[in-house]
Amino acid sequence: MKIIKSKHLITACFAVSTLSVSAHKKIVETPIMGWSSWNTYRVNINDELIRKQADAMVSTGLKNSGYSYVNIDDGFFGWRDENGLLHTHPERFPNGLKDISDYIHSLGLKAGIYSEAGANTCGSLWDADKNGIGVGLYGFEHQDADLFFNKWGFDFIKIDYCGAGQQLELDEKERYTSIVKAIRSVSNRNISVNICRWAYPGTWVRDLARSWRISSDISANWNSVKHIISKNMYLSAFAGDGHYNDMDMLEIGRGMSRAEEETHFGMWCIMSSPLLIGCDLTSIPESSLSLLKNKELIALNQDCLGLQAYIVARCGEGYVFVKDLEEKRGKIRAVALYNPSDEVCSFSVPLSVLELSGKTKVRDLINMKDENSVKDNLKFDVQPHGVKILKLEGENRLEPSVYEAERAYLNMYDDLAKRKRGIVAMPYHGASGGMIVSNIGGQKDNYAEWREVYSENGGKYKMTVYYVPIEEKGREINDRRLEISVNGNMVILSDFESGNTGTVLSREITVDLMKGYNVIRMGSRYTWSPDIDRFVLEPCNE
Ligand code: GLA
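Residues numbered from 1 in each chain as written. Predicted model: local features only at pLDDT ≥ 70, side-chain atom pairs only at ≥ 80, totals over all residues. Heavy atoms only, no water.

### Quick notes on the overall build of the chain
Scanning the chain from N- to C-terminus turns up 15 helices and 33 strands. Rg of the C-alpha trace for the chain: 24 Å, near the compact-globule value of 24 Å for 542 residues, within the 12% margin. When the 542 residues of the chain are sorted by exposure, 58% land in the buried category. Taking as baseline every contact in the chain between residues at least 6 positions apart, the subset at least 24 positions apart corresponds to 73%. Surface accessibility of the chain: about 21700 Å² in total, with carbon and sulfur atoms responsible for 48%. (Helix = DSSP H or I, 4+ residues; strand = E, 2+ residues; numbered from the N terminus. Rg over C-alpha atoms; globule rule 2.2 N^0.38 Å. Buried < 20%, exposed > 50% of the residue type's maximum accessible area, 1.4 Å probe, protein only. Contact = heavy atoms within 4.5 Å. Areas by Shrake-Rupley, 256 points an atom, 1.4 Å probe, with all protein chains shown as cover.)

### What to know about the sheet that holds strand β10 (residues 211–213)
Read from one edge of the open sheet, eight strands run β11-β10-β9-β8-β7-β4-β3-β12, paired in parallel fashion. Each edge of the sheet is formed by a strand with only one pairing partner; in this case those strands are β11 (244–246) and β12 (275–277). On average, each strand axis in the sheet is tilted by 25 degrees relative to the strand beside it, whichever way the strands run. Bridge analysis of strand β7 (residues 110–116) against strand β8 (residues 156–160) gives five bridges, and the strand direction is parallel. Residue pairing for β8: S115 is matched across the bridge by I159. Across the sheet, helix α9 (residues 172–186) lies against β8 and β9 (192–195), angled at about 160 degrees from β8, the strand it touches most. (Pairing = 2+ DSSP bridges. Axes fitted to C-alpha atoms, helices over the stretch in contact; angles between N-to-C directions.)

### Brief notes about the state of the cysteines
One pass over the structure, following the stated rule, counts one disulfide. Disulfide partner of C122: C162, at an S-S distance of 2.0 Å. Taking the sign of the torsion about the S-S bond as the criterion, the disulfide between C122 and C162, at about 95 degrees, is right-handed. With C122 in helix α6 (residues 122–126) and C162 in helix α8 (residues 162–167), this pair connects stretches of sequence that are 40 residues apart. (Disulfide = S-S within 2.5 Å.)

### As for the side chain of R92
Within the secondary structure, R92 is located in the loop between β6 (86–88) and α5 (98–106). Here R92 is in contact with V43, N44, I45, N46, D47, G75 and D129, once residues within four sequence places are set aside.

### Description of the pattern of salt bridges
Under the criterion given, the structure shown has 40 salt bridges. A salt bridge links D129 to R92; the shortest N-O distance between them is 3.3 Å. With D129 in the loop between α6 and α7 (141–151) and R92 in the loop between β6 and α5, the pair connects residues that are 37 residues apart, well separated along the chain. Considered together, D129 and R92 belong to a single accessibility category, that of buried residues. (Salt bridge = Lys/Arg side-chain N within 4 Å of Asp/Glu carboxyl O.)

### Things to note about the nonpolar core
Core analysis: the largest hydrophobic core is formed by 131 residues, its most contacted members being F265 and M267. Residues in contact with M267, not counting those within four places in the same chain, are I229, M247, F321, A336, Y338, V387 and I389. (Core = buried A, V, L, I, M, F, W, Y, C linked by side-chain atoms within 4.5 Å.)

### Some remarks on the site of the ligand
By nearness alone, 13 residues border the ligand, and D73, D74, K158, D160 and D217 come closest of all. A distance of 2.7 Å separates an oxygen atom of the ligand from a polar atom in the side chain of D73. Taking D74, its side chain carries an N or O atom lying 2.7 Å from an oxygen atom of the ligand. The fraction of the free accessible surface of the ligand (310 Å²) that becomes covered by protein chains is 95%. Contributing elements (two or more residues each) for the shell around the ligand: α6 and β8. (Near = heavy atom within 4 Å. Polar contact = N/O pair within 3.5 Å; in protein donor to acceptor, adjacent residues only side chain to side chain.)

### Describing the layout of surface pockets
Here the largest pocket defines a volume of roughly 760 Å³. Along the wall of the largest pocket there are 31 residues; nearest its centre are L307, K328, R407, R451 and E452. Of all the secondary structure elements, the ones that give two or more residues to the lining of the largest pocket are β14 (318–324), β27 (448–455) and β32 (516–523). Sorting elements by how many residues they give to the lining of the largest pocket places β27 first, with five residues. Along the lines of polarity and charge, the residues of the lining of the largest pocket split into 13 nonpolar, four polar and 14 charged. (1 Å grid on protein atoms, 1.4 Å probe; cavity = no way out; pocket = protein on both sides within 12 Å on 5 of 7 lines; lining within 4 Å. Points joined across faces, edges and corners; volume = space filled by probe spheres on them. Nonpolar A, V, L, I, M, F, W, Y, C, P; charged D, E, K, R; others polar.)

### Looking at helix α12 (residues 258–270)
Between its terminal C-alpha atoms α12 stretches 18 Å, which fits the 18 Å expected from 13 residues at 1.5 Å a residue. Taken across its 13 residues, α12 has eleven buried, putting it largely inside the fold. Looking at α12, one finds that the buried residues are E260, E261, E262, T263, H264, F265, G266, M267, W268, C269 and I270. Directly after α12, the chain includes S272, whose backbone phi takes a positive value near 55 degrees. (Expected span 1.5 Å × (residues − 1).)

### Examining the environment of G358
Position of G358 among the secondary structure elements: in the loop between β17 (356–357) and β18 (360–364). For G358, a relative accessible area of 25% translates into the label partly exposed. Taking C-alpha positions, G358 is 36 Å from N489, a pair spaced 131 residues apart along the chain. Among all residues touching G358, those that are not within four sequence positions of it are L351, V374, K375, E395 and N396.

In structure tokens, the structure reads:
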């Protein structure tokens, strides 16, 4: 069995930007790994504390395992003077932050800082930290960026949205665009930007940030971990090329059971979230430390392709996630059998669903041990709140045929709840994976897209589109249109049938696929489209 060697992931995978190595192999910047002060200390941080945590990152061996960022979150702010210059907190950081960032760098680590898109910080609103008033970036973008990155030497910034959203009601896209422009104009270093809007903010975010939060704040309990995983389940298409959905800082080492910590860490790894430890590193329990240093899980998170696993099947209450490792469309894939329920879940997953066949080697990454090879079905019982994280190596890679709504890129999607009828993946009882894409169409840009529809040899395919029948409401039924574009060539379907709630109906067309990757888009420029469950492609035998 080929074991994942933790070949020094960082050296192996780190590259300046997306580089094409071959058609199938890509190297991208991997999710950041490090420590952040917020979960344990909130605003109660100080100079000595940050230095001790940086020291502990080295002495615990976490640095050698790949953790490199020491991030100072909210709590360092002092005041802004009459020249607009930002000062640090007089008691917590009497010597300023330049010394600390120098110290962090002297240990061979990277330094991260925090600010706010508006004028007043989250700490000033939620933690009664008066020093957080008037110290945000609003109106001081260039001046603060110069201070943080040129004068103090920070490498990372998390930009929150408390004052900006609650008090100023600014527009997220515009606000973050001007901040990131300012950062880029004052520094030509590759500053890692994290956008913290506690919800998926929209597809524009990928041009601005390396990572973005997708949920409200995590806390050290199972419900919170489960909630964040559920938020990230249908966002895989928005990550990629070195940009990641941020599931928030880790709560490992803060009191959850071993099994829950394994699920927490395992899912953050396979979903390619940034890994920022949130506990006190000077007193971290041994079992949590060894989990965080698990080489095979870290290699999964830091895989060169930088992909987020997506859902391919449901097994009762459980979910099956998969992603390619090392090489796109190769024979090595990572799989998570995730059981969020309170009962044992028996998984039985045909290898074909995972696009593999032949004798397939199976490695358990949490326990770092080989399992028996399989030929047809992957079978495991997974404990409540548990996960099995596996690395598979098959003999053959199969051509995919089913493309679920769960995996679509929704061009106008955001989770900000500002638009009434925004495009969204939503539960539907009769859908094959449990979800459909709803509210497609109405305008040109409001489409769902499958960007990696793969054909081994190219040619004609029968495409069966499964849609939700439309309830007859006035004349709406006749208005529905589905414009299907295959690599830009459009077919228009209309006259969809009505039917019972909970069922899906289908329509067939013939499409031409190119050899390799194809892009299939579904939308409607003028009216709504029917809700889509999935489409299936079968080569036509000519
Ligand atoms: C928000 C963020 C947290 C943390 C605090 C700081 O709540 O989501 O991660 O940064 O602000 O006040």
